[in-house]
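Chains, contacts and geometry: an overview
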Amino acid sequence: MANKRKDENADEGEIKAKKKASLLLILKILDKYSNEPSEDDKNSDCYLTQAQIIDILENEYGVKLDRKSVSNSILLLQRLSNKYPEDFNYEISQPDNRIGYAITKRTFELEEARLLDDSIYSSKLINRHEASELIKKINSTFSVNQQKSLPSLSIHHEEKGNNDKNQFLKETLLNVQIITEAINQKKRIIFNYIGFDNKGKKVLRRATKDPSKYRKYAVSPYYLVNNNGRYYLLCNYKKFKTADESKYVSAFRIDYMEHVSILENDENGRYRTIDEVNAIKDENDVKFDINNYLATHMYIFGDDTELINAKFKSTDPKRSKVDVVKDWFGDKAKIYEMNGNCYFDVTIDKNSLIYWSMQYGEDFIPVAPSYFVEEVKEALQKRMDLLNKPSSNS
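Residues numbered from 1 in each chain as written. Predicted model: local features only at pLDDT ≥ 70, side-chain atom pairs only at ≥ 80, totals over all residues. Heavy atoms only, no water.

**Quick look at the side chain of asparagine 192**
Looking at the element boundaries, asparagine 192 is found in strand β3 (residues 189-196). Filtering out sequence-adjacent residues up to four positions away, asparagine 192 remains in contact with Leu204, Tyr214, Arg215, Lys216, Tyr256, Met257, Glu258 and His259. (Helix = DSSP H or I, 4+ residues; strand = E, 2+ residues; numbered from the N terminus. Contact = heavy atoms within 4.5 Å.)

**Some thoughts on the pairing of strand β6 (residues 230-236)**
Counted residue by residue, β6 has five buried out of seven residues, so it is predominantly covered. Two strands pair when backbone bridges link them, and strand β5 (residues 217-227) and β6 are joined in this way by seven bridges, in the antiparallel orientation. Pairing of asparagine 227 across the sheet is with arginine 230, part of β6. Where β6 meets strand β7 (residues 250-253), four bridges bridge the pair, whose relative direction is antiparallel. Paired with leucine 234 across the strands is alanine 251, a residue of β7. (Buried < 20%, exposed > 50% of the residue type's maximum accessible area, 1.4 Å probe, protein only. Pairing = 2+ DSSP bridges.)

**Here's the deal with helix α2 (residues 22-33)**
Across its twelve residues, α2 extends 16 Å between first and last C-alpha, which sits within 8% of the 16 Å expected from 1.5 Å per residue. Considered for burial, the residues of α2 that qualify are Ser22, Leu25, Ile26, Ile29 and Leu30. Seen end-on, α2 carries its buried residues on one side only, within an arc spanning 135°. (Expected span 1.5 Å × (residues − 1). Arc of directions from axis to C-beta.)

**Some points on a negative patch on the surface**
Together, Glu36, Glu91, Glu109, Glu111 and Glu112 make up a negatively charged patch on the protein surface. Position of glutamate 36 relative to the elements: it lies in the loop between α2 and α3 (50-61). Judged by its relative accessible area of 46%, glutamate 36 falls in the partly exposed class. (Patch = residues over 30% accessible without salt bridge, like charges linked within 9 Å, V, L, I, M, F, W, Y side chains within 5 Å. Areas by Shrake-Rupley, 256 points an atom, 1.4 Å probe, with all protein chains shown as cover. Salt bridge = Lys/Arg side-chain N within 4 Å of Asp/Glu carboxyl O. Lys, Arg positive; Asp, Glu negative; His and termini not counted. Charge placed at Lys NZ, Arg CZ, Asp CG, Glu CD.)

**Focus on the packing of α2 against α3**
Following both chains from N to C, one finds α2 and α3 inclined at 105°, their axes separated by 10 Å at the closest point. The angle between the axes of α2 and α3 places the two elements in the roughly perpendicular class. In this structure, α2 contributes Leu25, Ile26, Lys28, Ile29, Leu30, Lys32 and Tyr33 to the contact, and α3 contributes Ile53, Ile56, Leu57, Glu60 and Tyr61. (Axes fitted to C-alpha atoms, helices over the stretch in contact; angles between N-to-C directions. Parallel < 35°, antiparallel > 145°, perpendicular 65-115°, else oblique.)

**Let's talk about the environment of arginine 253**
Within the secondary structure layout, arginine 253 lies in strand β7. Sequence separation between arginine 253 and arginine 230 is 23 residues; the distance between their C-alpha atoms is 7.4 Å.

**Regarding helix α11 (residues 322-329)**
Residues of α11 that are buried include every one of Val324, Val325 and Phe329, and no others. Down the axis of α11, the buried side of the element spans an arc of 100°, and every buried residue falls inside it. Exposed residues lying more than 90 degrees from the buried face of α11 are Asp323 and Asp327. Turning to α11, the residues buried within the fold contact β10 (334-338), β11 (341-349), α12 (350-359) and β12 (364-368). Directly after α11, the chain includes glycine 330, whose backbone phi takes a positive value near 60°.

**Observations concerning the packing of aromatic side chains**
Applying the stated rule across the entire model yields 21 aromatic pairs. Ring centres 6.1 Å apart and planes at 65° place the aromatic pair tyrosine 193 and tyrosine 256 in the edge-to-face group. Of the two residues, tyrosine 193 is situated in strand β3 and tyrosine 256 in the loop between β7 and β8 (257-262); the sequence distance between them amounts to 63 residues. Tyrosine 256 shares its class with tyrosine 193; the two are buried. Consider the rings of phenylalanine 329 and phenylalanine 344, whose centres lie 5.7 Å apart with planes at 35°: the pair is tilted. A residue pair is termed long-range when its members are at least 10 positions apart, and phenylalanine 329 in helix α11 and phenylalanine 344 in strand β11 qualify at 15 residues. Both residues of the pair, phenylalanine 329 and phenylalanine 344, belong to the buried class. (Phe/Tyr/Trp six-rings, centres within 6.5 Å; stacked < 30°, edge-to-face > 60°.)

**Concerning the packing of α11 against α12**
Two packed helices can be described by the angle between their axes and the distance between those axes. Here α11 crosses α12 at 150°, and the two axes come no closer than 13 Å. Classed by the angle they form, the pair α11 and α12 counts as roughly antiparallel. Where α11 crosses over α12, the two elements pack in a sense that is right-handed. Between α11, through Val324, Trp328 and Phe329, and α12, the contact on the second element is made entirely by Leu353, Trp356 and Gln359. Considering only residue class, the contact of α11 with α12 consists of five nonpolar, one polar and no charged. (Left-handed = near helix turned anticlockwise from the far one by under 90°. Nonpolar A, V, L, I, M, F, W, Y, C, P; charged D, E, K, R; others polar.)

**Brief notes about unusual backbone geometry**
Omega for the bond connecting alanine 368 with proline 369 falls within 30 degrees of zero, at -5°, which places this linkage in the cis form. You can see proline 369 is positioned in the loop between β12 and α13 (370-388). One non-glycine residue with positive phi stands out, namely lysine 186, at about 55°. Residue position: lysine 186 is located in the loop between α8 (163-185) and β3. Overall, the relative accessible area of 53% leaves lysine 186 in the exposed class.

Right under this line is the structure:
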């Protein structure tokens with residue numbers, strides 16, 4: 001008998017606890033089963049009535065509430081979201097006929113989630129399994145009905161026998177965590193950096209002065225950026241020597257960094273802030289700006305390169321490939337017609353333009369500045385010389 005009463009008391013305690021949590025449970029139910037109908041779909045099923053909420057509470061959570069309790073809970077949730085919009089990132093609305101409730105504001109818009117999903121799947125850093133797990137977390141912020149309109153995860157599959165890649169990803173994400181901590185704490189980090197031998201095998205870079213030792217890089221980290229599906233750290237590696245130096249910001253691929261750690265007792269140097277980088281202006285008296293850096297760098301190399309304003313001319317006036325220019329440079333390219341031909345001007349880093357010129361040389365040729373045209377010619381001539389050089393394998 002005593003055990004029976006004990007069990008009954010425990011059940012009553014659990015029921016009381018669930019009732020106290022009813023506010024959170026109702027919010028969870030609305031989050032999972034309701035949503036704002038789209039412009040093309042004014043389906044009333046997007047809203048939940050009080051009766052439906054009561055049924056879900058009992059069937060899924062074993063909690064019995066009356067209509068008045070549900071109504072009061074929803075009213076309180078609405079007041080909280082209105083009073084503290086930054087802390088409660090949702091809105092609970094009713095249709096015009098005032099029958100039912102739905103969450104009509106969420107952490108992400110559906111279009112934003114689709115963009116994030118596509119970005120994650122196209123990343124060269126994240127494998128399919130990890131990508132699916134990340135996307136599930138993003139998509140879980142939507143209702144069951146909304147998730148049906150998001151990309152299906154079933155069309156993707158995890159590559160078999162890929163344990164090395166999974167371990168590599170975990171190490172890279174750990175690098176990101178350590179670097180983020182260092183940025184927040186304004187501390188330098190130290191690491192080894194991966195290179196590749198002539199057989200394509202991964203090796204750690206050796207020290208220049210003593211090749212028997214692995215080279216250690218000590219840098220002041222500033223930004224983590226994603227470029228062409230790869231993750232980079234922008235940081236200060238070069239020492240500030242003279243105002244003529246341009247390479248104050250260097251880039252390292254995060255998945256090529258090993259043995260990353262924060263320099264807690266930094267005896268051989270100190271953290272150099274981004275303000276110190278900006279204090280040493282470039283030849284055009286322009287301070288470093290992350291947005292401008294990303295806008296003017298088609299590729300991210302190990303070191304910064306010179307910015308130039310280049311002019312290109314179409315090789316065939318009748319079939320100028322303006323779409324290629326737009327695809328690569330967007331609004332950064334000033335496109336115009338002159339003497340019946342297509343031209344465009346763009347300000348971007350020189351190394352990237354040299355590579356681009358060799359890639360699209362059949363469609364556009366550089367015409368200014370003259371020194372840049374000469375550098376493109378030299379790069380092309382070097383390639384021709386290498387192609388004409390007798391091969392030892394032939």
